[in-house]
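Secondary and tertiary structure notes
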Amino acid sequence: MGRLFNFPGGIHLEEHKSVSNGTAVRKSGIPARLFVPLDQHIGPAAECIVSKGEKVLKGQTIGSATEYISAPVHAPTSGTVIDIQKFPAAHASALPSDVVIIEPDGKDEWQTRTPLNNYRDIDPSELRNIVRGAGIVGLGGAAFPTFVKLNPVGHDIKALILNGAECEPWITCDDMLMRTRHGDIIEGARVMRHALQAARVIIAIEDNKPQAISALKPYADKYEWLTVQEIPTRYPTGGEKQLIRILTGQDVPSHGLPLDLDLVVQNVATAAAVHHAINEMQPLISRIITVTGPGVKSPCNIEALIGTPMSDLIDMAGGYTRDADRLIMGGPMMGITLKTDVTPVIKATNCLLVQTPDAKRDATTTRACIRCGECVKVCPMRLLPQQLYWYSRSRNFDQLQRHHLFDCIECGCCAEVCPSHIPLVQYYRFGKSEIWKKEQETLKADRARMRTEARLEREERIKAERKARHARAKAAKAAGSDSKQTEIKAAVARAKARKAEQKSATEDA
Amino acid sequence: MDFDQHQHYSPHIPASSTVSNVMLKVVLALVPGIITYIAFFGWGVLVNIIIAGIAALGSEAVAVALRRQPVAPTLMDGSALVTAILLALALPPHSAWWLIVVGTTFAIIIAKQLYGGLGYNPFNPAMAGYVVVLISFPLEMTRWNPPLSLADAPMSLLESFQYSLTGILPERLDLDMISLATPLDVMRTQLDLGNSLDTITTGNGIFGIVAGTGSEWVSLAFLAGGLWLLFERIIDWRIPASLLASLLLLSGLFSLIDSSNFASPAFHLFAGATMLGAFFIATDPVSASTTPVGRLIFGAGCGILIYVIRTWGGYPDGIAFSVLLMNMAAPLIDYYTQPRVIGQQKNRS
């Protein structure tokens, strides 16, 4: 590897990592009830395939993927489905979504698991199917179905990059995973490398995680295809585009994918999940979650079943402190605030951060933009955040696109340094969703217009044809009504014309 | 447990800077220059600052209240105070109170609040206010008091106040004794009359070592304050650097071609409001360019215009006009100097 590259902007943040990575990962055990959401990933929600009162076994599929970009959902333990109902979701919109409520029977009984062949003997496309069936999605927080990213679609993959940067403050779940379950990551890396037929694997880790680095380094000596790369700590190194730039000096094209550079990026925890799916026939039913922040008494990392209420995890972390002010899922930079802790954890829940009022930024602390340009200095995409803000506010969508709004990765660096405390990222999200909405509308209008035009044209043509037919008939009548021969000929011609007309009409329809 | 329904903004970490903080640091950076100014030219400038400060905060409060917005947080952001101090420093010390009030209220109400307040003003408010009084009251704007070393009987703080508020001078003084043309003014007029540089500066006490007795030290103090702002990362280096560089290059070029008819680069850099303008006025973020390349162009444009106005224009100093002219160009400059976004092939604007 050797040479590293730099990305523009970025910021150094207080890390607060040592708050939660001092103790071993704890196991949450089986909660009294599990609330397993059907919508935990990018793409349409899974379709519920169990019914109320049904007994389910651990690992049994309870929601199946409906479309290509979607993921199935599994029962995290054995028990009874007691209801399927709407429940507060761990989503920025806070709209309730369908959850399957399972009452565990305490036996934690697995469904029958048939051992698979060695991964090396499995065809890559079959590997992708198994990963898909195991419901594995990106565990870095985005929750994009993993099997899609294990398809090289004709590219010669130069490298699979395993993202262990974990650049957001407070979060340490990947750090703990790398320290204690490094073997799982390596096994997962081998499987993924096989699926992608990738030349090499690079595990990238920020240099503030020396223990994780030394845990993984020995594997790099063992396998010539593996590199463990220490990278400088600077938010947002863990952003896919930034990470690729650091490692290769190349930029993912705008609106493109890492695949365009013959690269694939996966999170380290996703690699471990792939290992469990292939080598242990275990679907994605649990994950490590960092429960931390000044608002909980004893921050720690917990391995929890998907569907465990967040309040259970908070209790395990000693409960709230008196000045706990807000609950955030994800890191402080890109996380979302939740209204209630009865919300269940989902596959994308990497961290529960409980903040206190001193981190307050809201309408009362916001001032006007003074165009100081601090945001320009820190933007890792080299955008002009102050212009994007200006045009979002004035709903000037053309200018927003001309200023490349859609290249924004929503990392929040601009908002962090803004002396006016403007919620810049919220403005960009608003701008993006408005533009999407408008595009959908234009698309619809275009289709309607095309349909109308086609109909008018068809009607015109039919009219013209009918006119021509009448004229022909008239002419024939005038020419020789006495000759039977001509009459017959005319009749044949008429029939032919009618047939042709009918044919064209059916074609039009 | 349920949490407060109202929306918190990400990022969820304590904020590292505030607008008030930025403005406070700008004021702090001006202090050495103000002290040096008082030391060399007497209390007049302090009286200017006090009157302008009161007028600025008062008119801002009225305007904000009329716009039905919270008054206290707006006054607390400190931007009105910065405008007041910059304007007070630009006016001749011992200016009449009404002149200061007219300039300041114009700056705050017309140039700032009528456009929507802080952040929305296309022009630098202090310079807009300055230009209004410069054009409206040309005579008053030429009455600069001499440095203390050249004055016969300097006024006390109380006398300065009294003069500014009532126009009554202490008995021992008359108007001629407290009004003198600035080095920039003398230089201009004399060069226009066809005198050579040597004859102008030789024997004239106001020229000091390179650019003006007292004023060159004030400039140095503003330079120091400006460098501190750079160090504190409150301002970006690009505007001051390109402004000073372009002024240096132009004055150096003309001085090389004809050293007896064009003032030296050192004179241009340390005379008048060059340093104040480069670090404190042209860097006003609201009305200046914001893109990295745009800032270089903006600063260079200011520097070029300053030299052109000083050398061939109708006014002895050109900071205010150059900054205002470049303010007009700032949106256009920003538009055409967008950086190439990561992943975009060619910057098509």
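Residues numbered from 1 in each chain as written. Chains lettered and ligands numbered in written order. Predicted model: local features only at pLDDT ≥ 70, side-chain atom pairs only at ≥ 80, totals over all residues. Heavy atoms only, no water.

**Considerations on the overall build of chain A**
Counting secondary structure elements, chain A contains 13 helices and 17 strands. Taking 23 Å as the expected radius of gyration for a compact globule of 509 residues, we find that chain A reaches 30 Å, considerably beyond that expectation. When each of the 509 residues of chain A is scored for burial, the buried share is 52%. When contacts within chain A are restricted to residue pairs at least 6 apart in sequence, those whose partners lie at least 24 apart make up 73%. About 22,600 Å² of surface is accessible on chain A, with carbon and sulfur atoms providing 52% of the total. The centroid of the 67 positive side-chain charges in chain A is displaced by 8 Å from the centroid of its 59 negative side-chain charges. (Helix = DSSP H or I, 4+ residues; strand = E, 2+ residues; numbered from the N terminus. Rg over C-alpha atoms; globule rule 2.2 N^0.38 Å. Buried < 20%, exposed > 50% of the residue type's maximum accessible area, 1.4 Å probe, protein only. Contact = heavy atoms within 4.5 Å. Areas by Shrake-Rupley, 256 points an atom, 1.4 Å probe, with all protein chains shown as cover. Lys, Arg positive; Asp, Glu negative; His and termini not counted. Charge placed at Lys NZ, Arg CZ, Asp CG, Glu CD.)

**Quick look at the packing of aromatic side chains**
Following the criterion strictly, the structure yields 16 aromatic pairs over all chains and no others. Between A:Trp390 and B:Tyr120 the ring centres are 5.8 Å apart and the planes differ by 40 degrees, which places this aromatic pair in the tilted class. In this pair, A:Trp390 sits in helix α9 (residues 385-393) while B:Tyr120 sits in the loop between α5 (97-110) and α6 (125-136), so the two residues belong to two different chains. Residue B:Tyr120 is classed as partly exposed on the basis of its relative accessible area of 29%. Among the aromatic residues, those joined into a cluster by ring pairs are B:Phe254, B:Phe262, B:Tyr307 and B:Trp312. The ring of A:Trp110 carries A:Arg113 above its face, with NZ or CZ at 3.8 Å from the centroid. In this arrangement the basic side chain of A:Arg234 is found over the ring face of A:Phe7, its NZ or CZ atom lying 4.2 Å from the centre. (Phe/Tyr/Trp six-rings, centres within 6.5 Å; stacked < 30°, edge-to-face > 60°. Lys NZ or Arg CZ within 6 Å of the ring centre and 35° of its normal.)

**Topic: the confidence of the model for chain B**
Residues and elements named next belong to chain B. Summary statistics for chain B give a mean pLDDT of 89 and a share of 98% for residues scoring 70 or more. Here helix α8 (residues 175-178) stands out as the least confident element of chain B, with mean pLDDT 74; α5 is the most confident, with 97. Here the predicted complex carries an ipTM of 0.85, next to a pTM of 0.84. (pLDDT = per-residue confidence, 0-100.)

**Looking at the domain arrangement of chain A**
Residue and element names in this part refer to chain A. Assigned domains of chain A: these are domain 1 (30-287) and domain 2 (366-428). Taking the mean C-alpha position of each, domain 1 and domain 2 sit 32 Å from one another. The interface of domain 1 with domain 2 comprises seven residues on the first partner and eight residues on the second. Interface area for domain 1 against domain 2, summed over the two sides, is near 580 Å², with a carbon-plus-sulfur share of 57%. Contact with domain 2 buries surface across domain 1, with Tyr235, Lys241 and Gln242 losing the most and accounting together for 57% of the total. Counting across the interface, domain 1 meets domain 2 through zero salt bridges. (Domains from an automatic or database assignment. Buried area = accessible area lost by both parts, 1.4 Å probe. Salt bridge = Lys/Arg side-chain N within 4 Å of Asp/Glu carboxyl O.)

**Some remarks on the packing of α5(B) against α6(B)**
Residue and element names in this part refer to chain B. As a packed pair, α5 and α6 sit with axes 7 Å apart at the nearest point and diverge in direction by 135 degrees. Here α5 is positioned oblique relative to α6, judged by the angle of their axes. As for the relative orientation of α5 and α6, their crossing is right-handed in sense. For the pair α5 and α6, contact is made by Leu99, Val102, Gly103, Phe106 and Ala107 and by Pro125, Ala126, Ala128, Gly129, Val132 and Val133, respectively. (Axes fitted to C-alpha atoms, helices over the stretch in contact; angles between N-to-C directions. Parallel < 35°, antiparallel > 145°, perpendicular 65-115°, else oblique. Left-handed = near helix turned anticlockwise from the far one by under 90°.)

**Observations concerning a nonpolar patch on the surface**
All names here are of chain B. Residues Leu24, Leu28, Val31, Ile35, Trp228 and Phe231 make up a contiguous nonpolar surface patch of roughly 610 Å² in combined accessible area. The set of elements that each furnish at least two residues to the nonpolar patch consists of α1 (19-41) and α11 (215-231). A total of four residues in the nonpolar patch trace back to one element, the largest contributor, which is α1. With respect to the helices, strands and loops of the structure, Phe231 is situated in helix α11. (Patch = residues over 30% accessible without salt bridge, like charges linked within 9 Å, V, L, I, M, F, W, Y side chains within 5 Å.)

**Quick word on the nonpolar core**
Of all hydrophobic cores here, the largest spans 91 residues; its most connected members are A:Leu162, A:Ile185, A:Ile203, A:Val291 and A:Leu327. The element contributing the most residues to this core is helix α6 (residues 268-279) of chain A, with eight residues. When residues of this core are sorted by domain, at least three fall in each of domain 1 (30-287) and domain 2 (366-428) of chain A. Residues in contact with A:Leu162, not counting those within four places in the same chain, are A:Ile185, A:Ala189, A:Met192, A:Val201, A:Ile202, A:Ile203, A:Ala204, A:Gln266, A:Asn267, A:Val268 and A:Ala271. Ranked by size, the runner-up nonpolar core spans 86 residues in total, among them B:Ile51, B:Ile108, B:Leu243 and B:Ile319. (Core = buried A, V, L, I, M, F, W, Y, C linked by side-chain atoms within 4.5 Å.)

**Points about the sheet that holds strand β13 (residues 286-292) of chain A**
Residue and element names in this part refer to chain A. Taken together, the six strands give an open sheet; going across it, the order is β1-β14-β13-β17-β15-β16, and neighbouring strands pair in mixed fashion. For this open sheet the edge positions go to β1 (26-27) and β16 (336-338), each flanked by a neighbour on one side alone. The sheet contact formed by strand β15 (residues 326-329) and β16 spans three bridges and is antiparallel. Each bridged residue has a counterpart across the sheet, and for Met329 the counterpart in β16 is Ile336. (Pairing = 2+ DSSP bridges.)

**Observations concerning the sheet that holds strand β3 (residues 47-48) of chain A**
Residues and elements named next belong to chain A. An order of β3-β5-β6 is seen for the three strands of this open sheet, with the pairing classed as antiparallel. Since the sheet does not close on itself, it has two edges, and those belong to β3 and β6 (73-74), each with one partner. Looking at chain direction, strand β5 (residues 61-64) and β6 are connected through two bridges and run antiparallel. Note that in β6 the partner of Gly63 across the bridge is Val73.

**Topic: the side chain of A:His74**
By secondary structure assignment, the location of A:His74 is in strand β6. Separated by 2.8 Å, the side chain of A:His74 and the backbone oxygen of A:Gly133 make a polar contact. (Polar contact = N/O pair within 3.5 Å; in protein donor to acceptor, adjacent residues only side chain to side chain.)

**A short note on the interface of chain A and chain B**
Contacts between the two partners involve 63 residues from chain A and, on the opposite side, 43 residues from chain B. Counting the surface lost from both chain A and chain B, the interface buries some 4,900 Å², and carbon and sulfur atoms represent 55% of this. The tally of links from chain A across to chain B stands at two salt bridges. With its nearest N and O atoms 4.0 Å apart, the salt bridge here joins A:Asp251 to B:Arg340. Our count for the chain A to chain B interface comes out at 19 residue pairs in polar contact (both at pLDDT 80 or more). Among the elements of the structure, β15, β16, α8 (374-378), α9, α10 (397-402) and α11 (413-417) of chain A are those that each provide at least two residues to the side of chain A that touches chain B. Among the elements that make up the side of chain A that touches chain B, the one with the highest residue count is α9(A) (four residues).

**Observations concerning the pairing of strand β7 (residues 79-87) of chain A**
Residue and element names in this part refer to chain A. As judged from the two bridges shared by strand β4 (residues 55-56) and β7, these two strands associate in the antiparallel manner. Looking at the pairing, Lys55 lines up with Thr80 of β7. Taken together, the eight bridges between β7 and strand β8 (residues 97-104) define a ladder with antiparallel strand orientation. Residue pairing for β8: Lys86 is matched across the bridge by Asp98.

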